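# Chain and residue survey
Letter by letter, the chains look like this.
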2 protein chains.
Amino acid sequence: MDLNGFTGRKVIITGGLGFIGSTLAMKLVDLGARVVVVDSLIPEYGGNLFNVKGYEGRLKVNIADVRDEFSMSHLIRGEDFLFNLAGQTSHIDSMENPYPDLDINCRSQLFILEACRKYNPAIKVIYAGTRQVYGKPDMLPVREDHPIRPVDVNGIHKMAGEWYHRLYYQVYGIRSCSLRLTNTYGPRMRVKDARQTFLGIWIKALIEGKPIDIWGDGLQIRDFNYVDDAVSAMLKVALSDKADGEVYNLGSEPVSLKGLAELMVRVFKGGEYRILPFPGKRKAIDIGDYYADFHKIGEDFQWKPEIGLEEGLARTFDFYRRHIEHYL
Amino acid sequence: MDLNGFTGRKVIITGGLGFIGSTLAMKLVDLGARVVVVDSLIPEYGGNLFNVKGYEGRLKVNIADVRDEFSMSHLIRGEDFLFNLAGQTSHIDSMENPYPDLDINCRSQLFILEACRKYNPAIKVIYAGTRQVYGKPDMLPVREDHPIRPVDVNGIHKMAGEWYHRLYYQVYGIRSCSLRLTNTYGPRMRVKDARQTFLGIWIKALIEGKPIDIWGDGLQIRDFNYVDDAVSAMLKVALSDKADGEVYNLGSEPVSLKGLAELMVRVFKGGEYRILPFPGKRKAIDIGDYYADFHKIGEDFQWKPEIGLEEGLARTFDFYRRHIEHYL
């Protein structure tokens, strides 16, 4: 697909200083878009000013919280595209204190969609959904029509947030699409803790010369997308009417956690892993094996992951070997 | 089932001055329970002090809003049963202003469940769910495993509220059960407008000598439970561990709206109906035909509706002929 459709277009990205948001923002700048990134830089979340290093003069950074109804309502006016990536992502945090998760993943989404409806009904909205809404799968690979069965508060709220987007399309014609992301990794991901994905602390462990800790038996299966592949899916669906009101899985070749750890140690050229029993509070919300069926986006948009795990990990280690101090 | 299990037990009912809540409260008083009803008497909602007329000295009325976290947290302590019926029920209101619906149907549910988890983990919770979560059915009758597909903001939030209850059972062992109610009718229902169910304004129309307005072609199919049947289902599931973590449909014999209107005119011994095109904003969230498969609760609890539509309507008209002035 020709991505020149973004040249000269106005794009706003919530969570735009985060891992995926910043990668998307810089790509859009390169494509000639006029980009505003909105982020509140909450320390526990993914926003990091270093993420847009080198692009400071080429995009606009607007510090604001998506829970700030009036600011969001102003910022959305006149934009052509909204990449709606801001979110509370920690499953554990959502269980320990469900209210910030509710405010960010539900209430703010209503603010944003109401603002679109009232002030910018022609905007195109791409929502960052999550595989988490499927819960423990009935069968693998998981298709988009698999029953929704969230296993934590975060999953319930991400499910509601996605439904809002579908509803505002069905009822008001606000053109929106949700991508159900799986584990996404790459440069600029949060590595100081497991709030974004466990892969972050695995990378940090290797960089710091500590062992990778695998919980469970290491046989749990997951799939992983390199961030550029997730970004390319977002760009493709944004430019096409075919995606309006739709939900698409992203995904890739499945791998066991033990297989992933072995690959990481090999690509990193050092380190070790160990297999440990599940801590209790994580066990309660574990989902067993998961990998996506991503044929639907493949058929509609000729999307498939281009960067394999080995290459993606190599690029990621290279980034953190040079920049780890900005991510601790 | 022997309902003597409620004798001497402590019961709290949110939305307890509402239509179903008050009917449930008085039944529990008759069964020997010590009952607290919590209600905020918001004029647009179902609460009405007249609903507990004759029982004023035999139950405790506590005026409070479920959005009041500290009051709810106090009230729940020491109770044996929570019938959690408070909710924003208007589909149209949820679309016009989604935030009160979010606060009542999501945020408050989290307050309540967090309070149970922290201060009363042995409580048994019955949640008033709704058929609305199914949206436009794929097939009829609708079973509990039908895909969830809400068509309005209220449906999304009721879905989330139900998921919270299931989650707090799965993760924390809070014993909860959701009944997905269908159209419930009977004495004490809100009749001044369609915020609870369209049946309310049909009853009011007949009482006031005006025609019943049917939107669409009159062939839409629905099912209806007389309030005593809905209450009996709640009481049965409350007394059994079998319901923990489960979801049950209620339902009854399906009938077309035209068939219902004809029956109402016959039972009322007067009046007329007319068939009108759908107003636009209702059309967008209409679900077509619906009726429930309620075998699951039948098998687990030997529940079935006992009061047929003709008898239920006769009792309802009798009530409103005597008391309509308290419901306008």
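Residues numbered from 1 in each chain as written. Chains lettered and ligands numbered in written order. Predicted model: local features only at pLDDT ≥ 70, side-chain atom pairs only at ≥ 80, totals over all residues. Heavy atoms only, no water.

## Things to note about the overall build of chain A
This is how it is decided: Helical segments are the DSSP runs of H or I of at least four residues, strand segments are the runs of E of at least two, and each set is numbered from the N terminus. The reference for a compact globule is 2.2 Å times residues^0.38; the radius of gyration itself is calculated from the C-alpha atoms. Relative accessible area decides the class of each residue, using a 1.4 Å probe on protein chains only: under 20% of the type maximum gives buried, over 50% gives exposed, and in between gives partly exposed. Here, two residues are considered to be in contact whenever any of their heavy atoms come within 4.5 Å of each other. Where accessible areas are quoted, they stem from the Shrake-Rupley method and a 1.4 Å probe; at the residue level, only the protein chains shown are allowed to cover.
A count of helical and extended segments in chain A gives 11 helices and 13 strands. On C-alpha atoms alone, chain A measures out to a radius of gyration of 19 Å, which is about the 20 Å that the 2.2 N^0.38 rule sets for 328 residues. Each of the three principal axes of chain A carries a C-alpha extent, and together these read 55 × 45 × 40 Å. Buried positions account for 59% of the 328 residues belonging to chain A. In chain A, the share of contacts with a sequence separation of at least 24, taken over all contacts with a separation of at least 6, comes to 81%. Split by element, the accessible area of chain A, about 12400 Å² in all, is 51% carbon and sulfur.

## Some details on the interface of chain A and chain B
Where the parts come together, the accessible area they lose is often given as the size of the interface. As a reminder, the rule being used: Two parts placed together each lose some accessible area under a 1.4 Å probe, and adding up what both lose gives the buried area. A side-chain nitrogen of Lys or Arg and a carboxyl oxygen of Asp or Glu constitute a salt bridge if their distance falls within 4 Å. Within 3.5 Å is the distance limit for a polar contact, defined as a pair of N or O atoms, with the added protein rule that one can donate a hydrogen and the other accept it, and that residues adjacent in sequence qualify only through two side-chain atoms.
Residue-level contacts link 30 residues of chain A with 31 residues of chain B. Summing both sides of the interface, chain A and chain B together bury roughly 2600 Å²; the carbon and sulfur share of this comes to 70%. For the interface between chain A and chain B, the tally reads 2 salt bridges. For the salt bridge of R107 of chain B with D103 of chain A, the shortest nitrogen-to-oxygen distance reads 2.8 Å. Between the two partners, chain A and chain B, sit 4 residue pairs in polar contact (both at pLDDT 80 or more). Counting residues per element, the ones that place at least two in the side of chain A that touches chain B are α4 (98-119) and α5 (153-172) of chain A.

## Overview of a nonpolar patch on the surface
The line we're drawing: Patch membership is restricted to residues that have no salt bridge and whose relative accessible area is over 30%. Joining uses 9 Å for like charges and 5 Å for the nonpolar side chains Val, Leu, Ile, Met, Phe, Trp and Tyr.
Nonpolar side chains collect at one region of the surface, where L49, V61 and I63 of chain B lie side by side and expose about 250 Å² of accessible area between them. Tracing the backbone shows I63 of chain B in strand β3 (residues 60-63).

## Let's talk about unusual backbone geometry
Here the bond from L140 of chain A into P141 of chain A is cis, since omega is -10 degrees, no more than 30 degrees from zero. Tracing the backbone through its elements, the reader meets P141 of chain A in the loop between β5 (124-130) and α5. The phi angle at Q302 of chain A is positive, at roughly 50 degrees, despite the residue not being glycine. Position of Q302 of chain A among the secondary structure elements: in the loop between α10 (295-301) and α11 (309-323). What makes Q302 of chain A exposed here is its relative accessible area of 57%. We note that K269 of chain B has phi near 60 degrees; this positive angle belongs to a residue other than glycine. Residue position: K269 of chain B is located in the loop between α8 (257-268) and β13 (273-276). Owing to a relative accessible area of 75%, K269 of chain B belongs among the exposed residues under this scheme.

## Focus: the sheet that holds strand β6 (residues 175-181) of chain B
All names here are of chain B. Worth spelling out the cut-off: Pairs of strands are assigned from DSSP output, requiring at least two bridges between the strands. Note on definitions: angles span 0 to 180 degrees between N-to-C directions of axes, and those axes are lines fitted to C-alpha atoms, for helices only across the stretch in contact.
Taken together, the 7 strands give an open sheet; going across it, the order is β3-β2-β1-β4-β5-β6-β11, and neighbouring strands pair in parallel fashion. Of all strands in the sheet, those with a lone pairing partner are β3 and β11 (247-249), marking the two edges. When the angles between neighbouring strand axes are averaged without regard to direction, this sheet yields 20 degrees. Here 4 bridges tie strand β4 (residues 81-84) to strand β5 (residues 124-130), and the two strands are oriented parallel to one another. Looking at β5, one finds that L82 is bridged to V125.

## Let's talk about the pattern of salt bridges
Residues and elements named next belong to chain A. This model, assessed by the stated rule, comprises 52 salt bridges over all chains. Salt-bridge contacts for D244 lead to K124; the nearest nitrogen and oxygen are separated by 2.6 Å. Pair noted here: D244 is in the loop between α7 (227-238) and β11 (247-249) and K124 is in strand β5, with a separation of 120 residues, a long-range link. Residues joined by salt bridges that share partners form a network here, namely D93, R190, D193 and R195.

## A few points about the confidence of the model for chain A
Convention followed: pLDDT measures how confident the predictor is about each residue, on a scale from 0 to 100.
Mean pLDDT over chain A works out to 94, with 98% of the residues at or above the 70 mark. For this predicted complex, the interface confidence reaches an ipTM of 0.91, while the overall pTM sits at 0.93.

## Focus: the sheet that holds β11 of chain A
Strand-to-strand pairing in sheets goes through backbone hydrogen bonds, with the strands running parallel or antiparallel. All names here are of chain A. The parallel open sheet is built from 7 strands, whose spatial order is β3-β2-β1-β4-β5-β6-β11. Of all the strands in the sheet, just β3 (60-63) and β11 have a single pairing partner and so form its edges. Looking at each pair of strands side by side, their axes are set apart by 20 degrees on average, direction ignored. Pairing geometry for strand β1 (residues 10-14) and strand β4 (residues 81-84), over 4 bridges, is parallel.

## Points about the packing of α5 of chain A against helix α5 (residues 153-172) of chain B
Formally: An angle counts as roughly parallel when it lies under 35 degrees, as roughly antiparallel when it exceeds 145, as roughly perpendicular when it falls between 65 and 115, and as oblique in every other case. Rotating anticlockwise by less than a right angle from the far helix to the near helix defines a left-handed crossing, while the corresponding clockwise rotation defines a right-handed one. Side-chain classes are defined by residue name, with Ala, Val, Leu, Ile, Met, Phe, Trp, Tyr, Cys and Pro counting as nonpolar, Asp, Glu, Lys and Arg as charged, and the others, Gly among them, as polar.
Closest axis-to-axis distance for the α5 of chain A/α5 of chain B pair is 10 Å, and the angle between their directions is 165 degrees. For the element pair α5 of chain A / α5 of chain B, the angle class is roughly antiparallel. Every pair of crossing elements has a handedness; the one defined by α5 of chain A and α5 of chain B is right-handed. Judged by residue contacts, V153, I156, H157, M159, A160, W163, Y164 and L167 of chain A of α5 of chain A engage V153, I156, H157, M159, A160, W163, Y164 and L167 of chain B from α5 of chain B. Considered class by class, the residues forming the contact of α5 of chain A with α5 of chain B number 14 nonpolar, 2 polar and no charged.

## Regarding the packing of aromatic side chains
This is how the line gets drawn: Only centres within 6.5 Å qualify two rings of Phe, Tyr or Trp (six-membered ring in Trp) as a pair; their planes then separate them into stacked at under 30 degrees, edge-to-face at over 60, and tilted for everything else. Note on geometry: a ring has a charge over it if NZ (lysine) or CZ (arginine) is within 6 Å of the ring centre and within 35 degrees of the ring normal.
What the rule picks out here adds up to 30 aromatic pairs over all chains. Note on F198 of chain B and F224 of chain B: the rings are 6.1 Å apart at their centroids and 75 degrees apart in plane angle, and the pair reads as edge-to-face. Separated by 26 residues along the polypeptide, F198 of chain B in helix α6 (residues 198-207) and F224 of chain B in strand β10 (residues 224-226) bring together distant segments of the chain. Judged by its relative accessible area of 4%, F224 of chain B falls in the buried class. Ring centres 5.0 Å apart and planes at 85 degrees place the aromatic pair F319 of chain B and Y320 of chain B in the edge-to-face group. Through a chain of ring-to-ring contacts, three or more aromatic side chains come together here, namely F50, F319, Y320 and Y327 of chain A. Positioned over the ring face of Y248 of chain A is K296 of chain A, at 4.8 Å from the centre of the ring. A cation sits over an aromatic face here: R321 of chain A above F268 of chain A, 4.0 Å from the ring centre.

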